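Fold and contact review
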Amino acid sequence: MDVRQIAPSELKSLLALYRHLHDTDDPLPDTATVESVWQELMGNPRYRYFGAYAAEQLVSSCTVTVIPNLTRGCKPYAVVENVVTHADHRKRGYGKAVLAEALSFAWSQGCYKVMLMTGRKDEATFQFYESVGFNRSDKQAFAMKAPATKPGDR
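1. Side note on the sheet that holds strand 4 (residues 77–85)
Strands sit in the order 1-2-3-4-5 across an open sheet of five strands; the sheet is mixed. Two strands bound the open sheet, and with one partner strand each, they are strand 1 (2–5) and strand 5 (114–116). Each neighbouring strand pair of the sheet contributes to a mean axis angle of 25°, computed without reference to strand direction. Sheet analysis places strand 4 next to strand 5, joined by three bridges and oriented parallel. Within strand 5, the residue paired with Ala78 across the bridge is Val114. Where helix 3 (residues 94–108) meets the sheet, its contacts fall on strand 1, strand 2 (47–54), strand 3 (57–67), strand 4 and strand 5, and the angle it forms with strand 3 comes to roughly 25°.

Below is the structure:
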């Protein structure tokens with residue numbers, strides 16, 4: 001297993017892997033917009049995309065974002081998102097490996113905590129995150145999605 005930061009040239013592989021993240025997702029905008037967002041992410045040192053590879057194929061990934069902070073002695077915190085493993089490669093340690101890389105990066109940046117939320121409701125997912133070291137009872141999370149817009153609204 002090879003675990004490393006995802007290269008800028010691997011956008012297509014990452015987007016293919018994301019098909020295993022959600023049953024349904026919003027459609028992507030045009031290619032130029034997607035590539036522009038990817039370049040912005042790749043150019044920002046606070047964002048990292050880590051991937052696990054089997055036979056040079058990207059099979060698992062997550063992203064970690066380091067956020068500056070004015071509390072906790074100005075120590076930053078990190079948020080982990082979009083943890084996904086290809087359906088054919090689950091339960092083989094790939095997810096744990098990419099999370100270990102994300103956590104290592106966060107700690108190397110002086111983060112005092114790392115947060116992760118999941119939309120999954122199954123106990124196995126909760127136990128997976130706990131096996132990596134996350135505590136589901138430490139904090140209470142709340143999320144809000146953007147309100148629906150009508151055509152013509154901004």
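2. Describing the packing of aromatic side chains
Under the definition given, this model contains four aromatic pairs. A centroid spacing of 6.2 Å and a plane angle of 55° characterise the contact between Phe50 and Phe105, whose relative ring orientation is tilted. Taken together, the positions of Phe50 in strand 2 and Phe105 in helix 3 put the pair 55 residues apart, joining distant regions of the chain. For Phe50, a relative accessible area of 5% translates into the label buried. Accessibility expressed as a relative area gives 10% for Phe105, which makes it buried. Taking the centre distance of 6.4 Å and the plane angle of 90° together, the rings of Tyr129 and Phe134 count as edge-to-face. Within the aromatic cluster, the residues linked to one another by ring pairs are Phe128, Tyr129 and Phe134.

3. Focus: the side chain of Asn69
Relative to the helices and strands, Asn69 resides in the loop between strand 3 and strand 4. Among the polar contacts made by the side chain of Asn69, one reaches the side chain of Thr71 at a distance of 3.0 Å. Within the structure, Asn69 has its side chain in polar contact with the backbone oxygen of Lys75 (distance 3.1 Å). Apart from the residues within four sequence positions on either side, Asn69 is in contact with Cys74, Lys75, Pro76, Tyr77 and Tyr112.

4. Let's talk about the pairing of strand 3
Across the eleven residues that make up strand 3, a large majority, nine, are buried. The sheet contact formed by strand 2 and strand 3 spans eight bridges and is antiparallel. Looking at the pairing, Gly51 lines up with Ser61 of strand 3. Linking strand 2 to strand 3, which pair antiparallel, is a turn of two residues; within it Ala55 sits at a positive phi near 50°.

5. Notes on the state of the cysteines
For the structure on display, the rule yields zero disulfides. Residue Cys74 stays outside any disulfide, its sulfur separated by 13 Å from that of Cys111, the closest cysteine. With relative accessibility at 8%, the residue Cys111 sits in the buried group.

6. Observations concerning the environment of Glu101
If you trace the backbone, Glu101 turns up in helix 3. As a C-alpha pair, Glu101 and Ala78 span 23 residues in sequence and 13 Å in three-dimensional space.

7. Brief notes about the pairing of strand 4
With seven bridges connecting them, strand 3 and strand 4 associate as antiparallel partners. Across the sheet, residue Val64 finds its bridge partner in strand 4, namely Val80. In terms of handedness, the path from strand 4 via helix 3 over to strand 5 forms a crossover that is right-handed.

The rules behind each value
- Residues numbered from 1 in each chain as written.
- Predicted model: local features only at pLDDT ≥ 70, side-chain atom pairs only at ≥ 80, totals over all residues.
- Heavy atoms only, no water.
- Pairing = 2+ DSSP bridges.
- Helix = DSSP H or I, 4+ residues; strand = E, 2+ residues; numbered from the N terminus.
- Axes fitted to C-alpha atoms, helices over the stretch in contact; angles between N-to-C directions.
- Contact = heavy atoms within 4.5 Å.
- Phe/Tyr/Trp six-rings, centres within 6.5 Å; stacked < 30°, edge-to-face > 60°.
- Buried < 20%, exposed > 50% of the residue type's maximum accessible area, 1.4 Å probe, protein only.
- Polar contact = N/O pair within 3.5 Å; in protein donor to acceptor, adjacent residues only side chain to side chain.
- Disulfide = S-S within 2.5 Å.
- Right-handed = clockwise from strand over helix to strand, strands pointing away.

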